[in-house]
Amino acid sequence: MTHGFSLTDAPWLLLPPAAGGPARDQSLRTALLDAHEFGDLVVEIPTQRAALFRQVLLPVALDALGRPADEREWMEWFSAGRWSQEQRLKLGEYLDAHSGLFDLFDPVQPFGQVAGMRTAKDETKNAGLIVATAATGNNVPLFASRTEGDDFSLTPAKAAHWLLHTQCWDTAAIKTGVVGDPKAKAGKTVGNPTGPLGQMGVTLLVGTTLFETLLLNLPVGAPPTSTDLPQWRRREPTHPSPTGTPQWQERVPEGLLDLWTWQARRIRLFPEATDEGLRVTRVLVAAGDRMPYTPETEPHTMWRIEPTGGRGVGKGKRVATPPRRPLRLQPGKAAWRGLDALLAPERQTREAGKNTSGFTTSKVLDQAGALSLDLDEAYPLRVELSGIAYGNQSAVIDDVMFDALPLPLAALGEESDVRSALLEVAEQAEQLATAVNHLSADLRRALGTEPIPWDKGQRPGELVLHALDPLVRRLLAGMRGVDDPERIEAGQLAWEQLAWRRAWEVADRLLQAVPVGAFLGRSVSQGEGKPERTHRVSLAEALFLKRRAEILHRADGVRKDDRAIGGQ
């Protein structure tokens, strides 16, 4: 029996109205043509959003309309707030012309899959294999409510979401060996890397409507080459056969369309009719195309810059790698703690010289910075950062990371006072955390115990960062549309005064927990010929208060002025 599910015309993208209200499933056609009417895409887990934008929404818009030629044309598109009638016509014609390539269950060329792919024994696996939050094999989420033995079925809409997610974020290591794959041995392939997004932290720009989000993530510049095609136009239509043609390649993407729709896996979904309707219950996931490295055309990652490049391993020998490496997110670390990379303009990196190590921001953020003078400075830009932390040779998912920041457009300017202020605030927060960690270490020494190792357990500095987190986010939102140096300075003072109290609240809890006996202190030998060092609670507290005053110098200055006035 032949099944069908058209991503072009069937509802599968969950979108709320831009004006507010409940989200409803929409077809790809409706979502794109009426993008100005919808708000942010609703997904099951945050990493699905990047997959849906990169694998379908952005490449369809880019392939149908092309890129804005320059920043001026981009601004004309953006200022209109919606697609022009000509653009809507082009999008509609594109979807009509390629509608057969967007059928999830087409028997000849199913979307994002290989028709007729099979193993030598015609084995299939539970559909939970493509669901990152499901327990399958060694990948067992900590709070999973299902086991691998449970039946798992996906609606066509959910199957489409997880299919695209697997192409972007799949775990590494062993994959099923299928008939026709010359790399398969003993029914499996080994050495497979993670999906391409698993190699980086993804920075997605989000606007007030789906239309704005699409444009904010659409690079300007020269049109793609004739060989740069999305995966649905790249693959040769093949008739289903018992062998299939799942051979993979190792190559560099031809361009942005190829990169966004990269087929990191060869997948086949097996639909069946059930009492609840059409469902995907079984899947095959085999090795797919491999990138030797992430190309510099990648627009959605921040970069770590090395002056002379790095060294990697390839085919049994060490090989040179590009000087730019995608920057990954760190589990448990708020996005604002990486503002030094998020706000590092590409232009500034180039001017600093080739021998400089450091960071540079993503191309889409750098482009937004170049456009900040034309956009309203109070525009509510949001940056969403997502990533996956893998464990056990990248064969399991340890953590799904996500954070969203309100980002003032002025902060993207190279010489911006707002940028300088925000970078200083982020550095102050880190310094306060370090000061509390030093206080904790000094108190433990006064008790006769060793400080908490930096790489083990939870150090109290993390409590400081947690307490400061809402204050930093409030400041980021409050700096939108602010360009007056006096207002920026006032904002920094207000931040420091709040941070002054939050840091003390954590420090005071540490001091209150110290037993009375520790106040006498403890003397420790520093070696022959050197005087003993005495660790006391009073000294630890004084050192912390001194360091806090140095870090939050504005708040300290106001307090000193207030005391001076009060003493007159």
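Moving on, we come to the overall build of the protein chain. Secondary structure assignment for the protein chain yields 16 helices and 17 strands. Put simply, the protein chain has 568 residues, and 51% of those count as buried. Residue pairs at least 24 apart in sequence account for 71% of intrachain contacts in the protein chain once pairs closer than 6 positions are excluded. On the protein chain, roughly 26,600 Å² of surface is accessible, and the fraction owed to carbon and sulfur atoms is 50%.

An α-helix turns once every 3.6 residues. As a result, residues three or four positions apart point the same way. Over its 13 residues, helix α4 (residues 85-97) runs 18 Å from end to end, which matches the ideal 18 Å to within 8%, given 1.5 Å per residue. Gln87, Leu91, Gly92, Tyr94 and Leu95 are the residues of α4 that are buried. For α4, the buried positions fall inside an angular range of 160° around the axis, keeping them on one side. Exposed and oriented more than 90 degrees from the buried face of α4 are Gln85, Glu86, Leu89, Asp96 and Ala97. On its buried face, α4 is in contact with α1 (28-33), α2 (47-65), α3 (71-80) and α7 (231-234).

Moving on to the confidence of the model for the protein chain. Of the residues in the protein chain, 86% have a pLDDT of 70 or more, and the chain-wide mean is 87. Across residues 237-244, confidence stays below pLDDT 50; counting only partners more than four residues off in sequence or on other chains, it has 13 contacts. Scored below 50 in pLDDT, residues 312-317 makes seven contacts in the model with residues more than four places away or belonging to other chains.

With a phi close to 50°, asparagine 392 is a non-glycine residue in the positive phi region. Residue position: asparagine 392 is located in the loop between β14 (382-391) and β15 (396-406). Given the relative accessible area of 54%, asparagine 392 is considered exposed. Backbone geometry at serine 394 places phi at a positive 60°, although glycine is not the residue there.

Judged by nonpolar contacts, the single largest core of 144 residues is most densely connected at Trp12, Leu28 and Trp336. Here this core gets 13 residues from one element, more than from any other, and that element is helix α12 (residues 417-446). The contacts of leucine 28, once residues within four sequence positions are left out, are Leu7, Thr8, Ala10, Trp12, Leu13, Val56, Leu57, Val60, Leu95 and Phe102. Counting residues in each nonpolar core, the second largest holds six residues, with Val178, Phe270, Leu284 and Ala286 among its members.

Moving on to the sheet that holds strand β12 (residues 324-326). Strand order across the open sheet formed by three strands is β12-β9-β13, with antiparallel pairing between neighbours. Looking at strand neighbours, the two that pair on one side only are β12 and β13 (358-360), the edges of this open sheet. Geometrically, the sheet is characterised by an average inter-axis angle of 35° between neighbouring strands, direction not taken into account. As paired strands, strand β9 (residues 303-305) and β13 are joined by three bridges and run antiparallel to one another. Among the inter-strand pairings, arginine 304 is bridged to a residue of β13, identified as phenylalanine 359.

Our next topic: the environment of glutamate 44. Counting through the fold element by element, glutamate 44 comes out in the loop between α1 and α2. The spacing of glutamate 44 and leucine 14 is 30 residues in sequence and 9.9 Å in space, taken between C-alpha atoms. Leave out the neighbours within four places in its chain, and glutamate 44 touches Lys158 and Trp162. Here lysine 158 takes part through its side chain, which lies 3.3 Å from a polar atom of the side chain of glutamate 44.

Within the structure shown, the criterion is met by 29 salt bridges. Across the salt bridge formed by glutamate 86 and lysine 90, the nearest N and O atoms sit 3.8 Å from each other. Of this pair, glutamate 86 and lysine 90 both sit in helix α4, four residues apart, roughly one helical turn. Its relative accessible area of 54% is what places glutamate 86 among the exposed residues.

About the thresholds
- Residues numbered from 1 in each chain as written.
- Predicted model: local features only at pLDDT ≥ 70, side-chain atom pairs only at ≥ 80, totals over all residues.
- Heavy atoms only, no water.
- Helix = DSSP H or I, 4+ residues; strand = E, 2+ residues; numbered from the N terminus.
- Buried < 20%, exposed > 50% of the residue type's maximum accessible area, 1.4 Å probe, protein only.
- Contact = heavy atoms within 4.5 Å.
- Areas by Shrake-Rupley, 256 points an atom, 1.4 Å probe, with all protein chains shown as cover.
- Expected span 1.5 Å × (residues − 1).
- Arc of directions from axis to C-beta.
- pLDDT = per-residue confidence, 0-100.
- Core = buried A, V, L, I, M, F, W, Y, C linked by side-chain atoms within 4.5 Å.
- Pairing = 2+ DSSP bridges.
- Axes fitted to C-alpha atoms, helices over the stretch in contact; angles between N-to-C directions.
- Polar contact = N/O pair within 3.5 Å; in protein donor to acceptor, adjacent residues only side chain to side chain.
- Salt bridge = Lys/Arg side-chain N within 4 Å of Asp/Glu carboxyl O.

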